[in-house]
Amino acid sequence: MTVRLRMAVHGTKNNRIFHLVAIDHRRRRDAKPIELLGIFEPSPKLDKAGERSCKTMRWSVDRIKYWLGVGAVPSKPVTRFLEWGGIMMSDPGNPPKPPHQQHPPPMNASQPLT
């Protein structure tokens, strides 16, 4: 049985919550997982002071390392999350992009193309 670490989608249409789960690779996306490893809340909520808080990712590092140690294969988005969190090291030739990468400024029409 091949185990994958992947994201399962929960919540309503405009209030998604993603669960990081260990699941058999043949099961559907939102099927019952073997184990829940983390929760990612991408939509910032208002805190008690009325300010917007950040996106949050809560996870069990010990259990994620256990599943990686026994041969679980993470999906591409999960690999990116684990690299950002420092749980998994990236390939030396392919460093992870920061979560909020700024785009280069647009070119002016007067500049010649090279």
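This section reports on the structure supplied with the text. (Residues numbered from 1 in each chain as written. Predicted model: local features only at pLDDT ≥ 70, side-chain atom pairs only at ≥ 80, totals over all residues. Heavy atoms only, no water.)

Description of the packing of aromatic side chains
Thought 1: Across all of its chains, the model carries four aromatic pairs by this definition.
Thought 2: On the basis of an interplanar angle of 75° and a centroid distance of 5.4 Å, the ring pair of Tyr66 and Trp67 is categorised as edge-to-face.
Thought 3: The class of Trp67 is buried, set by a relative accessible area of 11%.
Thought 4: Each member of the aromatic cluster is reached from another via a ring pair, and the members are Phe18, Phe40, Phe81 and Trp84. (Phe/Tyr/Trp six-rings, centres within 6.5 Å; stacked < 30°, edge-to-face > 60°. Buried < 20%, exposed > 50% of the residue type's maximum accessible area, 1.4 Å probe, protein only.)

A short note on the nonpolar core
Thought 1: Judged by nonpolar contacts, the single largest core of 14 residues is most densely connected at Leu5, Leu37, Ile64 and Trp67.
Thought 2: Counting only elements with at least two residues in this core, the list comes to strand 1 (3-12), strand 2 (15-24), strand 3 (35-41), helix 1 (61-69) and helix 2 (76-85).
Thought 3: Leave out the neighbours within four places in its chain, and Leu5 touches Val21, Ala22, Leu37, Ile64, Trp67, Leu68, Ala72, Val73, Pro74, Ser75 and Val78. (Core = buried A, V, L, I, M, F, W, Y, C linked by side-chain atoms within 4.5 Å. Helix = DSSP H or I, 4+ residues; strand = E, 2+ residues; numbered from the N terminus. Contact = heavy atoms within 4.5 Å.)

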